[in-house]
Amino acid sequence: MTQTVPAASSDRAAPRLAVVMPCYNEQEALPATAARMSEYLDDMIARGVVDEDSALYFVDDGSRDGTWGAIADLTRTRPRVRGIKLTRNFGHQGAVLAGMFEAADAADVVVTIDADLQDDETCIEKMVAAYRSGAEIVYGVREDRTADTVFKRATAEGYYRILGWLGVNVVFNHADYRLMSRRAIDILGQYRETNLFLRGIVPLIGLNSQIVSYTRRERQAGVSKYPLKKMLALAWQGVTSFSVMPLRLVAALGAIMALASSAVGVWALGVRLLGTGAVPGWASTVIPMYFLGGIQLFFLGVLGEYLGKIYMEVKDRPRYLIDRRTWRDERVPEARDASPVRPETRF
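These numbers were taken from a predicted model, which means no experiment stands behind them. (Residues numbered from 1 in each chain as written. Predicted model: local features only at pLDDT ≥ 70, side-chain atom pairs only at ≥ 80, totals over all residues. Heavy atoms only, no water.)

### Concerning the nonpolar core
- By size, the foremost hydrophobic cluster in this structure holds 37 residues, and its most contacted members are Leu 17, Phe 58 and Ile 124.
- When residues of this core are traced back to their parent elements, those giving at least two are strand S1 (17-23), helix H1 (30-46), strand S2 (55-60), helix H2 (67-77), strand S4 (109-112), helix H4 (124-132), strand S6 (174-181) and strand S7 (209-215).
- At seven residues, H1 tops the list of elements feeding residues into this core.
- If near-sequence neighbours (up to four positions away) are discounted, Ile 124 is found in contact with Leu 17, Val 19, Met 37, Tyr 40, Met 44, Val 111 and Tyr 177.
- One finds Phe 90, Ala 95, Ile 201 and Tyr 320 within the second-largest nonpolar core, a separate group that totals 34 residues. (Core = buried A, V, L, I, M, F, W, Y, C linked by side-chain atoms within 4.5 Å. Buried < 20%, exposed > 50% of the residue type's maximum accessible area, 1.4 Å probe, protein only. Helix = DSSP H or I, 4+ residues; strand = E, 2+ residues; numbered from the N terminus. Contact = heavy atoms within 4.5 Å.)

Here it is in structure tokens:
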């Protein structure tokens, strides 16, 4: 599905670039991030890599610290910085989606990258080169994760392999560092899932895609906003949003347990009829009963998870709501979401 980035060509003009960075309690990291990204963007503009109308978009995902105030200050001192404030915390995926749809109105390509800059921002130039050579989507893939803990690295890579085994089409070791053309974002707007898992949705678009490899760095400031609980929630979201394999596994396990229970029943009947002198104890009754009861509750939990997702999708609630945009200096009272054609047409 992906291929190695070729040498840069000028088949397309230097694009208007929008870099979208979701932020949640990133007050400490923002000054350094804004300085580094502004300097890098100015350098790419000076060298003609991207158009002079390129910009940086910081999306405040309902932060509880001074993140929004820091973003507002940056917009007054750095002309290329723009801020988007969501009405509350919609989660990382919702913030990424909001930034992409908002930025696409004034850009040819949109790059999404986390505000902690653990992902190498200098790969953006390679992504733009891939776009100019014909790619509509360019994935940033981590080739070296030594900056992560052994536990996080092992579980993350294991998770990607499990997703592949379950039939979910994801790019191995790719998170949400990617470039998407405006055409690709318009198509993404046709995907109406409330349960967002962008690293599974984007490959479904099916346009020409390439990869850029990079080495992941350590966080420079603040603490990770993705603790184990959130990582597990996102992992489960990816599995249940893109694969029915758990349901099939439940059915298979149910059949196996039915056969095993039948075998135990035959054994118990044999003991009773043959009169071998064995006295049936509580174990032959209680253990199977509790075991099968636990299996049934597990099955109901898996089924309930899928039913819950159907419930959330049917309600069709907005995936994000915008409170403010700094470049318009106004509050935004209406709900905004993505429509099948252009994101701004749904209120």
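### A look at unusual backbone geometry
- A positive phi angle is found at Leu 117, which is not glycine, with a value near 55 degrees.
- Relative to the assigned elements, Leu 117 resides in the loop between S4 and H4.
- For Asn 173, which is not a glycine, the phi torsion comes out positive at approximately 60 degrees.
- Position of Asn 173 relative to the elements: it lies in the loop between helix H5 (150-165) and S6.
- Note on Asn 173: relative accessible area 6%, which makes it buried.

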